[in-house]
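Per-entry structural report
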Amino acid sequence: MNIWVDADACPAVIKDILYRAAQRSQRTLTLVANQMLRTPPSPLIRAVQVPRGFDVADAYIVEHASTGDLVITADIPLASEALGKGMLVLSPRGERYTADSISERLSIRDMMEELRSAGVDTGGPATFSQADRRAFANALDQILQKARREDGAGRGKVPPLSTS
């Protein structure tokens with residue numbers, strides 16, 4: 001399992017958790033963005049800069065990620081497409097998207113888009129919190145623990161991810 005990040009809107013604290021997780025789990029981590037990203041020096045971590053444009057990073061992830069890979073994104077259409085290709089999807093707030101939950105999330109997204117285009121102020125997402133950071137680290141840890149068991153690669157438990 002490789003880890004792919006829709007990095008343009010991914011909070012820095014989540015990227016930091018992912019850098020440590022990639023090292024600890026020995027998984028390849030690829031951050032995709034339309035801007036230059038700084039990443040820690042590691043053969044497991046790379047950043048891909050794609051051209052600016054609507055959903056260019058999303059298209060890159062869908063084209064290059066494989067079945068069973070993990071995609072980190074808050075983008076609901078990308079999450080839906082990744083799930084359709086057999087990838088695991090986790091939001092930066094720790095919500096695990098599934099085939100069962102994504103249809104409802106798409107409907108809500110579409111409804112909010114209609115309201116905004118009609119001029120209704122729908123507000124924005126809640127401020128990113130410590131609880132969001134913990135939820136993400138815990139969900140990521142569960143996914144990586146399960147992948148390690150399935151790979152048969154581990155000789156023991158991977159240490160839990162730190163949220164600090």
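Scroll up to find the structure.
Residues numbered from 1 in each chain as written. Predicted model: local features only at pLDDT ≥ 70, side-chain atom pairs only at ≥ 80, totals over all residues. Heavy atoms only, no water.

For strand β2 (residues 29-33), the tally of buried residues reaches five of five residues, placing the bulk of the element in the interior. Sheet analysis places strand β1 (residues 3-6) next to β2, joined by four bridges and oriented parallel. The residue of β2 that forms the bridge with Val 5 is Leu 31. Once the chain exits β1 it traverses helix α1 (residues 12-25) before rejoining the sheet at β2, and the crossover so formed is right-handed. (Buried < 20%, exposed > 50% of the residue type's maximum accessible area, 1.4 Å probe, protein only. Helix = DSSP H or I, 4+ residues; strand = E, 2+ residues; numbered from the N terminus. Pairing = 2+ DSSP bridges. Right-handed = clockwise from strand over helix to strand, strands pointing away.)

Looking now at the packing of aromatic side chains. This structure, assessed with the given rule, holds one aromatic pair. Geometrically, the ring pair formed by Trp 4 and Tyr 60 is tilted, given 6.4 Å between the ring centres and 55 degrees between the ring planes. One end of the pair, Trp 4, is in strand β1; the other, Tyr 60, is in helix α2 (residues 56-64), and 56 residues separate them in sequence. Judged by relative accessible area, which is 5%, Trp 4 ranks as buried. (Phe/Tyr/Trp six-rings, centres within 6.5 Å; stacked < 30°, edge-to-face > 60°.)

Another point: helix α3 (residues 76-84). If you check which residues of α3 are buried, you get Ile 76, Leu 78, Ala 79, Ala 82 and Leu 83. Buried residues of α3 fall within an arc of 155 degrees about the axis and therefore sit on the same side. Where α3 begins, the side chain of Asp 75 points an oxygen toward the backbone nitrogen of Leu 78, at a separation of 2.7 Å. One or two positions beyond α3, positive phi appears at Gly 86, with a value near 80 degrees. (Arc of directions from axis to C-beta. Polar contact = N/O pair within 3.5 Å; in protein donor to acceptor, adjacent residues only side chain to side chain.)

Time to look at helix α5 (residues 130-151). Relative to the 32 Å expected for 22 residues at 1.5 Å per residue, α5 spans 31 Å between its end C-alpha atoms, a close match to the ideal helical length. Those residues of α5 lying buried are Asp 132, Arg 133, Phe 136, Ala 137, Ala 139, Leu 140, Asp 141, Ile 143, Leu 144, Gln 145 and Ala 147. Along its buried surface, α5 packs onto β1, α1, β4 (70-72), β5 (88-90) and β6 (96-97). One side-chain oxygen of the residue at the start of α5 lies 3.3 Å from the amide nitrogen of Ala 131, identifying that residue as Ser 129. Residue Gly 152 follows α5 closely and has a positive phi angle near 70 degrees. (Expected span 1.5 Å × (residues − 1). Contact = heavy atoms within 4.5 Å.)

So, on to the pattern of salt bridges. Per the stated rule, a full pass over the model turns up three salt bridges. Of the charged contacts in the structure, one is a salt bridge between Asp 151 and Arg 27, with a shortest N-O distance of 2.6 Å. Here Asp 151, found in helix α5, pairs with Arg 27, found in the loop between α1 and β2; they are 124 residues apart in sequence, far enough to count as distant. Relative accessible area serves as the criterion here: at 8%, Arg 27 is assigned to the buried category. (Salt bridge = Lys/Arg side-chain N within 4 Å of Asp/Glu carboxyl O.)

Taken together, the six strands give an open sheet; going across it, the order is β3-β2-β1-β4-β5-β6, and neighbouring strands pair in mixed fashion. The open sheet terminates on both sides in strands that have one partner only, identified here as β3 (45-49) and β6. Against the sheet, α5 contacts β1, β4, β5 and β6, and its axis sits at roughly 165 degrees relative to β5. (Axes fitted to C-alpha atoms, helices over the stretch in contact; angles between N-to-C directions.)

At a minimum axis separation of 11 Å, α1 and α5 run at an interaxial angle of 25 degrees. Comparing their axes, α5 and α1 come out roughly parallel. Considering the relative orientation of α1 and α5, their crossing is right-handed. Of the residues in α5, those touching α1 at Val 13, Ile 14, Ile 17, Leu 18, Ala 21 and Ser 25 are Arg 133, Phe 136, Ala 137, Leu 140 and Leu 144. Here the contact of α1 with α5 is composed, by residue class, of nine nonpolar, one polar and one charged. (Parallel < 35°, antiparallel > 145°, perpendicular 65-115°, else oblique. Left-handed = near helix turned anticlockwise from the far one by under 90°. Nonpolar A, V, L, I, M, F, W, Y, C, P; charged D, E, K, R; others polar.)

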